[in-house]
Amino acid sequence: MWVFGVGINNARPAGAQDIRTVEGGALPGLVDAHCHVGLGAHGPVDADVAEKQALTDREAGTLLIRDAGSPSDTRWVDDREDLPKIIRAGRHIARTRRYIRNFAHEIEPDELVAYVSQEARRGDGWVKLVGDWIDRDLGDLSACWPREAVEAAIAEAHRLGARVTAHCFAESSLRDLVEAGIDCIEHATGLTEDLIPLFAERGVAIVPTLVNIATFPSLAAGGESKYPRWSAHMRRLHERRYDTVRGAYDAGIPVYVGTDAGGSLAHGLVAGEVAELVTAGIPPVDALSATAWGARKWLGRPGLEEAAPADLVVYEADPRADVRVLAAPRRVVLNGRVVE
């Protein structure tokens with residue numbers, strides 16, 4: 001494989017000189033399919049902080065990001081050839097007082113279609129809903145939207161050519177969203193044996209974000225005194241997380257890598273998420289596909305192929321033999337330029 005200019009060539013370009021050779025195991029630039037550039041623990045961040053977030057992801061080999069909701073305008077990143085490419089889902093759309101403050105548009109069900117239409121036009125082919133969150137009156141997770149509202153909203157997004165994904169921790173929100181035609185579920189910790197065939201039949205993908213789910217015990221401990229029912233529920237979801245992901249994979253549900261970086265979670269965790277998928281029982285090659293060629297195909301972006309943009313990562317050894325090498329990229333090539 002040859003990199004000439006900004007693209008990939010399968011044959012040596014005529015007249016090539018000053019050749020720089022790099023040997024090792026190569027993958028297309030990794031994908032973080034759930035990442036938040038421009039988002040911090042308390043909401044939007046300044047451009048210099050967002051730049052550092054994107055650079056941290058690049059250093060980890062992540063060269064394509066599906067930004068699964070951000071209140072920041074990061075269009076300026078598109079003009080930077082040294083930063084990862086971003087596919088945006090607009091800003092989160094949440095129910096009033098049912099999500100993290102300053103993150104989302106907080107609205108009521110009768111406004112959902114209008115806001116989905118707005119974010120579909122602002123995004124890059126995706127819209128992000130908050131499907132469930134803690135209901136403080138109930139003291140536990142519960143679905144945020146009535147069935148008829150999500151049916152109309154998803155239909156509107158599809159009419160505009162956008163796909164829809166939703167944050168979902170709990171079991172209760174999933175059936176309505178899937179039967180309403182949703183394209184993807186984030187986290188999917190509430191996926192149960194009775195729901196798995198429905199996901200598989202409809203081809204609904206999941207992005208488990210296991211490095212984020214690892215925080216559930218500490219979150220549960222922090223809310224124990226005020227919301228004991230919610231805390232117990234979060235612990236149960238955490239305890240069965242690997243079984244949930246493996247059950248989805250075994251049923252043929254598409255599984256992709258996402259870290260949930262941004263907010264309270266650090267950027268650059270893609271290698272850790274791939275390792276978590278392997279721990280859950282997904283074969284290493286399929287876990288690699290979930291962050292490389294398979295994820296790129298799902299998002300409509302090329303991999304390592306003739307005339308594709310030269311976005312690739314080189315490792316000392318073959319990642320198929322040991323996914324742990326993802327934690328130490330040897331070279332990162334973005335738009336044909338060696339950046340690491």
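What you see is a predicted model; the values in this text were computed from it and never measured.

Visitor: Account for the overall build of the chain, naming residues and giving values.
Guide: The number of helices and strands found in the chain is twelve helices and 19 strands. The C-alpha atoms of the chain give a radius of gyration of 20 Å, which matches the 20 Å a tight globule of 340 residues would have. By its C-alpha atoms, the chain is 70 × 40 × 35 Å across when sized along the principal axes. Here the chain, with 340 residues, has 53% of them falling under the buried criterion. Considering only residue pairs separated by 6 or more positions, the chain has 65% of its internal contacts joining residues 24 or more positions apart. With an accessible surface of roughly 14,400 Å², the chain has 48% of that area assigned to carbon and sulfur atoms. In the chain, the 38 positive side-chain charges and the 50 negative ones have mean positions that sit 1 Å from each other.

Visitor: Explain the packing of aromatic side chains to me, and be specific about the residues and the numbers.
Guide: Per the stated rule, a full pass over the model turns up six aromatic pairs. Ring centres of Tyr 99 and Trp 133 lie 4.8 Å apart, and the angle between their planes is 70°; this geometry places the pair in the edge-to-face category. Taken as a pair, Tyr 99 in the loop between β9 (93–95) and β10 (105–107) and Trp 133 in strand β12 (residues 132–135) lie far apart in primary sequence, 34 residues in all. The two residues Tyr 99 and Trp 133 agree in class, both being buried. Joined through ring pairs, the aromatic side chains of Tyr 99, Phe 103, Trp 133, Phe 169 and Phe 216 make up one cluster.

Visitor: With reference to specific residues and values, describe the sheet that holds strand β7 (residues 62–67).
Guide: The three strands are arranged β4-β7-β8 in an open sheet whose pairing can be described as parallel. The sheet is open, and its two borders are formed by β4 (30–35) and β8 (85–88), each paired with just one other strand. With strand direction ignored, the average angle separating the axes of adjacent strands in the sheet is 20°. In this structure, β7 lies alongside β8, joined through four bridges in parallel fashion. In the strand pairing of β8, Arg 66 is matched with Ile 87.

Visitor: Would you mind going over the nonpolar core in detail, with residue names and values included?
Guide: Ranked by internal contacts, the top residues of the largest apolar core, which has 76 residues, are Leu 112, Ile 182, Ile 185, Phe 199 and Leu 277. For Leu 112, the residues in contact, after removing those within four places along its chain, are Ile 93, Ile 107, Leu 129, Trp 145, Ala 149, Val 150 and Ala 153. The next biggest cluster of nonpolar side chains, apart from the first, holds 13 residues, and it includes Val 31, Trp 126, Val 207 and Trp 298.

Visitor: Provide a residue-level description of the side chain of Thr 74, including the pertinent values.
Guide: With respect to the secondary-structure elements, Thr 74 resides in the loop between β7 and β8. In this structure, Thr 74 is in contact with Val 37, Gly 38, Ile 86 and Arg 88, ignoring residues within four places of it in sequence.

Visitor: Account for the environment of Glu 108, with residues named and values stated.
Guide: Within the fold, Glu 108 resides in the loop between β10 and α2 (112–122). We classify Glu 108 as partly exposed; its relative accessible area is 29%. Note: C-alpha distance between Glu 108 and Arg 95 (13 residues apart in sequence) is 5.7 Å. The contacts of Glu 108, once residues within four sequence positions are left out, are Arg 95, Thr 96 and Trp 145. Of note is the side chain of Glu 108, whose polar atom sits 3.1 Å from the side chain of Arg 95.

Rules used throughout
- Residues numbered from 1 in each chain as written.
- Predicted model: local features only at pLDDT ≥ 70, side-chain atom pairs only at ≥ 80, totals over all residues.
- Heavy atoms only, no water.
- Helix = DSSP H or I, 4+ residues; strand = E, 2+ residues; numbered from the N terminus.
- Rg over C-alpha atoms; globule rule 2.2 N^0.38 Å.
- Buried < 20%, exposed > 50% of the residue type's maximum accessible area, 1.4 Å probe, protein only.
- Contact = heavy atoms within 4.5 Å.
- Areas by Shrake-Rupley, 256 points an atom, 1.4 Å probe, with all protein chains shown as cover.
- Lys, Arg positive; Asp, Glu negative; His and termini not counted.
- Charge placed at Lys NZ, Arg CZ, Asp CG, Glu CD.
- Phe/Tyr/Trp six-rings, centres within 6.5 Å; stacked < 30°, edge-to-face > 60°.
- Pairing = 2+ DSSP bridges.
- Axes fitted to C-alpha atoms, helices over the stretch in contact; angles between N-to-C directions.
- Core = buried A, V, L, I, M, F, W, Y, C linked by side-chain atoms within 4.5 Å.
- Polar contact = N/O pair within 3.5 Å; in protein donor to acceptor, adjacent residues only side chain to side chain.

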